[in-house]
Amino acid sequence: MKYIYRLYQLFVVLPLGILATVLTALTVVVGCALGGGHFFGYYPGHWWSRFIIRLCLLPVTVEGRENLEPDHSYVFVANHQGAFDIFLIYGFLGRNFKWMMKHQLRKMPFVGFACSASHQIFVDKRGPSRIKETYDAARETLRSGMSVMVFPEGARTFTGHMGLFRKGAFMLADELQLPVVPLTINGSFDVMPRMRDGKWVTWHPLRLTIHQPVYPIGRGSQNVQATMRQSYDSVMSALVPEYQGYVENPDQ
């Protein structure tokens, strides 16, 4: 079955995936240029992500959608297991949001151009002025009523285990007194870990767990630390036993 699945990837997933990516990127760019940024900045990517996962025949389970209130702005934080984290969250979280992503992704063919056109937030740490621009963009997004999605580890895992959380997302939530929603991703590391980028997809179920929001208990460093610690514990609690526990990530 492994080799049949690989043939399927080569002759079905690859060509249809490339076509879907190009068409999605063009739709986003044109739609946003015409003034439909709120719609075209999310829904084409949402449908593209669902299509890619369905095309790869990967089963998806989502738990905890009832924990989210309609029309509420959140800071979403998740563990970062692999490339399919993007498809799982974008396709199945069910909320309009903006990504906070590494600035290097701006150079990805088609995808980077679409992300720029739809005003996703590129995290650029190459100097104080660029860091300020990143946080100003995130702050403006949250104040407009939109949510943001952050991988606070800052890098994908090499082992399936979680590394440390960085505090940037939690400082934003503290400043604007917004709840943080922890998300746990299971299965993405087994589907395609970073050590196999661009190679064969391995069939494995995916699961997204949406935890209860962590509301601020005050303002300032104490609240930031408490929110970050509770979010980390929530994400860790829903990981499968195989990937439980902290393992240092040298890429952080």
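Here is a short report on the structure shown in this document.

**Thoughts on the packing of aromatic side chains**
Evaluated as defined, the whole model comprises 18 aromatic pairs. Relative to Trp-47, the ring of Tyr-43 has its centre 5.7 Å away and its plane inclined at 40°; by these criteria the two rings are tilted. Taken together, the residues span about one helical turn, with Tyr-43 and Trp-47 both in helix H3 (residues 43-55) at a distance of 4 residues. For Trp-47, a relative accessible area of 48% puts it in the partly exposed group. Plain terms: the ring middles of Phe-84 and Phe-87 are 5.1 Å apart, the flat faces sit at 70° to each other, and that makes the pair edge-to-face. You can see Phe-84 and its partner Phe-87 sitting in helix H4 (residues 84-92), 3 residues apart, about one turn around the helix. Judged by relative accessible area, Phe-87 falls into the buried class, the value being 14%. Of the aromatic side chains, those joined through ring pairs into one cluster are Phe-39, Phe-40, Tyr-42, Tyr-43, Trp-47, Tyr-90, Phe-97, Trp-99 and Phe-151.

Basis of the calculations
- Residues numbered from 1 in each chain as written.
- Predicted model: local features only at pLDDT ≥ 70, side-chain atom pairs only at ≥ 80, totals over all residues.
- Heavy atoms only, no water.
- Phe/Tyr/Trp six-rings, centres within 6.5 Å; stacked < 30°, edge-to-face > 60°.
- Helix = DSSP H or I, 4+ residues; strand = E, 2+ residues; numbered from the N terminus.
- Buried < 20%, exposed > 50% of the residue type's maximum accessible area, 1.4 Å probe, protein only.

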